[in-house]
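Each chain, written out:
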Amino acid sequence: MSSMNMAVRSLTRRKTRTILSISGIIVGVTMILVLLSLSSGTSASTTNLLRSAVTAQITVTNSSTPTLGGLGGFTRPSGGNFGSGGFSGGNFNFTRGGTSGGFASFFGASDTIPQSDSNTIEGLSGVYAVSPQLSASGYVDNSSVLLYGINPSSFSQATTGLSISNGTMITTTGQIVLNNVIADNLGVTVGDTVVLSNNTLSTTNTGANYTVVGIFNAGSTFGPESRSAYIELSDVQSITNKTGVVTEIDVKTTNPSLVHKVVSEIESSLSGVTASTGSSVASEVSLSASLAIFFIVIGGVALLAGGFGVTNTMIMSINERTREIGTLRAIGAQKSQVLRIFFSESLLIGALGAAAGAILGIIISLILPYFSSSISSSGAFGGLLGGRLATSLVASNILLSMGLGVLVGVLAGIYPALRASRMKPEEALRYVQ
Amino acid sequence: MSSELVQVTDLERNYKRGKFKIAALNAIDLTVKKGEIVGIVGPSGSGKTTLLNVIGGLGKPTGGHIAVDGEDLSELADKDLTHFRLHKVGFIFQFYNLISTLSAIENVEVPMTLAGVPKPEREKRARELLAIVGMEQRMNHLPSQLSGGEQQRVAVARALANRPPIILGDEPTGDLDSKSAKKLMELIRNLRKDTKTTFILVTHDPIVVEGCDRVYSIRDGKITKEFTQTDINHFKMSQGKDSLEELLV
Ligand SMILES: Nc1ncnc2c1ncn2[C@@H]1O[C@H](COP(=O)(O)OP(=O)(O)OP(=O)(O)O)[C@@H](O)[C@H]1O
Ligand SMILES: [Mg+2]
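Treat the numbers as computed from the prediction; the structure is a model and nothing was measured. (Residues numbered from 1 in each chain as written. Chains lettered and ligands numbered in written order. Predicted model: local features only at pLDDT ≥ 70, side-chain atom pairs only at ≥ 80, totals over all residues. Heavy atoms only, no water.)

*Asks:* Explain the overall build of chain A to me, using residue names and the numbers behind them.
*Replies:* Within chain A, the regular secondary structure consists of 15 helices and 12 strands. Split into buried and exposed, the 433 residues of chain A put 50% on the buried side. In chain A, once contacts between residues fewer than 6 apart in sequence are set aside, the share between residues at least 24 apart is 79%. Looking at chain A as shown, the accessible area adds up to about 18600 Å², and 61% of this sits on carbon and sulfur atoms. (Helix = DSSP H or I, 4+ residues; strand = E, 2+ residues; numbered from the N terminus. Buried < 20%, exposed > 50% of the residue type's maximum accessible area, 1.4 Å probe, protein only. Contact = heavy atoms within 4.5 Å. Areas by Shrake-Rupley, 256 points an atom, 1.4 Å probe, with all protein chains shown as cover.)

This is how it looks when you write it as structure tokens:
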């Protein structure tokens with residue numbers, strides 16, 4: 001405790017030098033804390049942003065159903081995500097299916113999974129939305145189509161939805177949304193009634209009437225998607241006599257970084273299913289991860305510089321105090337006692353710097369969002385973060401940045417303190433400035 | 001217990017500088033009794049500081065024997081030598097060497113702090129010691145706020161802190177004017193009278209020499225002459241005060 005007292009004296013009576021070496025730690029800790037707050041704030045806001053902008057990240061299918069195309073594969077039109085590669089799974093099935101009107105065999109080849117699986121998935125942590133879907137071939141006004149049975153509310157949560165050009169999305173049974181290509185071919189529009197059936201119409205198969213509530217654009221006039229229609233899940237189930245089953249379940253996570261964890265949880269809690277992810281997931285995760293790494297690196301470099309500053313001023317101070325150290329050793333201070341005195345000094349510098357840096361960092365983190373509107377629109381971050389700088393003060397971040405500050409002070413003091421304790425007293429006493 | 005507090009026999013100390021060996025001390029024999037004030041004089045580079053350091057446990061001899069207060073210093077490990085310095089010797093330096101960031105009283109407390117003396121006790125003793133050296137009025141001043149003579153008196157108080165049997169001074173008046181030097185020497189003689197503390201003082205200063213009971217003169221690492229107080233007084237009577245320098249060189 002007395003070595004601490006001597007350290008306190010030494011620091012308080014050499015104020016300029018002390019402030020100089022503390023300021024290095026303050027800058028480092030402040031930067032780390034502000035950057036961590038920015039990183040937390042940003043990942044919170046980007047997570048929200050990405051969640052609404054991005055389609056489901058996980059597709060759960062029967063494990064015997066080929067999923068070569070992954071997420072982009074044969075799911076549904078989700079805005080611009082409609083890559084040509086996405087249809088390889090569909091094409092594969094299509095050619096394999098062969099003869100009787102392609103689509104029928106295409107869907108016939110898809111094995112189903114229990115609809116109740118979606119309840120199980122909903123119960124998993126990190127799951128944001130779950131959309132079960134049953135796809136099948138069918139006929140609208142005797143024209144062959146792909147029927148997608150979905151649950152309107154979960155579909156809109158788990159996916160980016162359809163780009164409806166006319167009318168609205170379906171809300172209940174008996175309603176249908178048609179692709180614009182089919183609608184044009186059939187000459188139907190919003191408000192018209194169409195006849196839906198599982199096969200060509202005949203005297204025994206008269207089908208059922210559906211009201212066209214909306215027309216959507218698939219973005220492509222070729223491929224299976226250009227011949228698709230959306231109706232209520234239960235409608236497809238009753239038309240195809242497949243009650244209680246679905247062909248796929250689309251899952252969106254609360255945070256892109258959780259995708260892989262959720263995938264393995266799905267596969268371990270359900271049997272006979274495959275959970276696959278698309279390539280877009282990887283880029284989402286790496287965006288927020290690289291942003292965080294970028295922030296940490298800047299802060300780390302600042303703190304490292306602060307640490308070198310402390311080492312530097314400590315060494316200078318020790319060289320200046322060579323005779324003092326020699327005197328201490330001469331009058332009976334053990335090496336360990338000298339070590340403790342100088343180590344206490346750097347510990348104090350680290351602790352004071354950490355405390356002051358944390359206070360400054362908290363203040364800046366709190367006021368930064370108010371200034372961000374003026375700087376973010378022009379800065380590089382502005383574009384990256386969608387025009388806003390969000391900060392979020394987290395207790396663990398404050399503790400982490402303070403801990404790093406103290407750690408740097410301690411590490412920076414090791415070498416100077418060792419150097420002081422190893423001075424030979426006889427030579428240190430001869431030393432003249 | 002013998003009355004010899006310091007017993008040096010055939011002492012030798014070499015410094016190695018690359019290929020060269022500098023014999024700083026060579027075949028030194030000396031004894032100092034308890035309560036004596038002994039001077040060491042000699043030209044620059046003759047080995048005075050080296051001898052004082054060996055006696056004070058700061059430097060180890062490369063040959064011969066040295067015993068202080070019954071302890072054979074050549075046999076002590078580094079840690080024990082430090083412990084020896086803390087309890088058995090006090091140091092006074094030419095440039096006082098007070099810790100610049102500590103006040104007078106805090107400086108006097110340092111050796112007691114290192115020895116683990118509790119705060120109230122060491123504060124009480126530090127006050128007493130500062131009173132003895134006449135510095136109690138200035139106890140809260142920093143070294144930079146004190147004159148050289150005042151700083152040296154604080155240093156004497158610090159040297160006395162752990163009640164060592166012996167105090168070693170390397171040119172204690174070297175940086176002082178003659179008035180302060182006289183005052184310091186008076187203090188040293190009073191301390192010897194009151195506490196039986198032994199002093200060994202390396203010096204060039206006639207004021208110090210006059211206050212010594214005995215003086216060793218060394219040259220090139222060897223003791224060449226030894227004077228008693230009677231010799232000094234006799235010399236002073238016959239030659240006049242100014243020529244004391246001649247005796248020393
Ligand atoms: N660390 C060292 N390395 C090498 N040589 C040394 C060392 N310390 C002292 N010496 C040499 O030992 C000899 C005695 O030195 P010392 O300091 O004891 O002399 P001194 O009598 O105290 O001189 P001064 O009156 O100038 O203080 C000198 O020749 C000096 O150069
Ligand atoms: Mg000397």
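*Asks:* Break down the site of ligand 1 for me, citing the residues and quoting the values.
*Replies:* Lining the immediate environment of ligand 1, one finds 13 residues, of which S44(B), G45(B), K48(B), T49(B) and T50(B) sit closest. Chain contributions to the surroundings of ligand 1 come from chains A and B. One of the side-chain nitrogen or oxygen atoms of S44(B) is found 2.5 Å away from an oxygen atom of ligand 1. In this structure, S46(B) approaches ligand 1 through a main-chain N or O atom, which is 3.3 Å from an oxygen atom. Look at ligand 1: alone it shows 630 Å² of surface, and the protein chains cover 75% of it. Because more than half of its atoms lie within 2 Å of the grid, ligand 1 is assigned to the largest pocket. Counting only elements with at least two residues in the shell around ligand 1, the list comes to β1 (4-17), β2 (20-33) and α1 (48-55) of chain B. Residue contributions to the shell around ligand 1 peak at three residues, all from α1(B). Classifying every residue of the shell around ligand 1 gives four nonpolar, six polar and three charged. (Near = heavy atom within 4 Å. Polar contact = N/O pair within 3.5 Å; in protein donor to acceptor, adjacent residues only side chain to side chain. 1 Å grid on protein atoms, 1.4 Å probe; cavity = no way out; pocket = protein on both sides within 12 Å on 5 of 7 lines; lining within 4 Å. Sits in = over half its atoms within 2 Å of the grid points. Nonpolar A, V, L, I, M, F, W, Y, C, P; charged D, E, K, R; others polar.)

*Asks:* Give me the lowdown on the nonpolar core, citing residues and values where you can.
*Replies:* Residues L130(B), V154(B) and V156(B) are the most contacted members of the largest nonpolar core, which totals 41 residues. Those elements that place two or more of their residues in this core are β3 (37-41), α3 (104-114), α4 (119-132), α5 (148-160), α6 (178-195), β8 (198-202) and α7 (206-211) of chain B. Contacts of V156(B), omitting those with residues within four sequence positions, involve I92(B), V133(B), L184(B), L187(B) and L191(B). Grouped together as the second largest cluster of nonpolar side chains are 37 residues, I121(A), L134(A), V246(A) and I266(A) included. (Core = buried A, V, L, I, M, F, W, Y, C linked by side-chain atoms within 4.5 Å.)

*Asks:* Kindly report on the interface of chain A and chain B, identifying the contributing residues and their values.
*Replies:* Tallying the contact residues gives 22 residues for chain A and 30 residues for chain B. Buried area between chain A and chain B, summed over both chains or domains, comes out near 2300 Å², and the portion from carbon and sulfur atoms is 55%. With a shortest N-O distance of 3.7 Å, D78(B) and R329(A) are connected by a salt bridge. For the pair chain A and chain B, the number of links is 13 residue pairs in polar contact (both at pLDDT 80 or more). Those elements giving two or more residues to the side of chain A that touches chain B turn out to be α1 (2-12), α11 (322-330), α12 (335-376) and α15 (425-430) of chain A. (Buried area = accessible area lost by both parts, 1.4 Å probe. Salt bridge = Lys/Arg side-chain N within 4 Å of Asp/Glu carboxyl O.)

*Asks:* Now, about unusual backbone geometry: what can you tell me, with residues and values included?
*Replies:* Residue and element names in this part refer to chain B. One non-glycine residue, D69, lies in the positive phi region at around 50°. With respect to the helices and strands, D69 occurs in the loop between β4 (63-68) and β5 (71-72). Of note in this structure, E171 is not a glycine but carries a positive phi near 55°. Residue class for E171 comes out buried when judged on its relative accessible area of 12%.

*Asks:* Which residues make up the packing of α5(B) against α6(B), and what values do they have?
*Replies:* Residues and elements named next belong to chain B. Contact geometry for α5 and α6: axes closest at 10 Å, N-to-C directions at 20°. Judged on the interaxial angle alone, α6 and α5 are roughly parallel. Crossing of α5 against α6: the hand is right-handed. Between α5 and α6, the residues in contact are G149, Q152, R153, V156 and L160 and S180, K183, L184, L187 and L191, respectively. (Axes fitted to C-alpha atoms, helices over the stretch in contact; angles between N-to-C directions. Parallel < 35°, antiparallel > 145°, perpendicular 65-115°, else oblique. Left-handed = near helix turned anticlockwise from the far one by under 90°.)

*Asks:* Talk me through the sheet that holds β4(B); I want residue IDs and the actual numbers.
*Replies:* Residues and elements named next belong to chain B. Judged by pairing direction, the sheet is antiparallel, and its four strands sit side by side in the order β2-β1-β4-β5 without closing on themselves. Strand pairing shows two members of the sheet lacking a second neighbour, β2 and β5, which therefore form its edges. Here five bridges tie β1 to β4, and the two strands are oriented antiparallel to one another. When the sheet's bridge partners are listed, T9 is paired in β4 with H65. (Pairing = 2+ DSSP bridges.)

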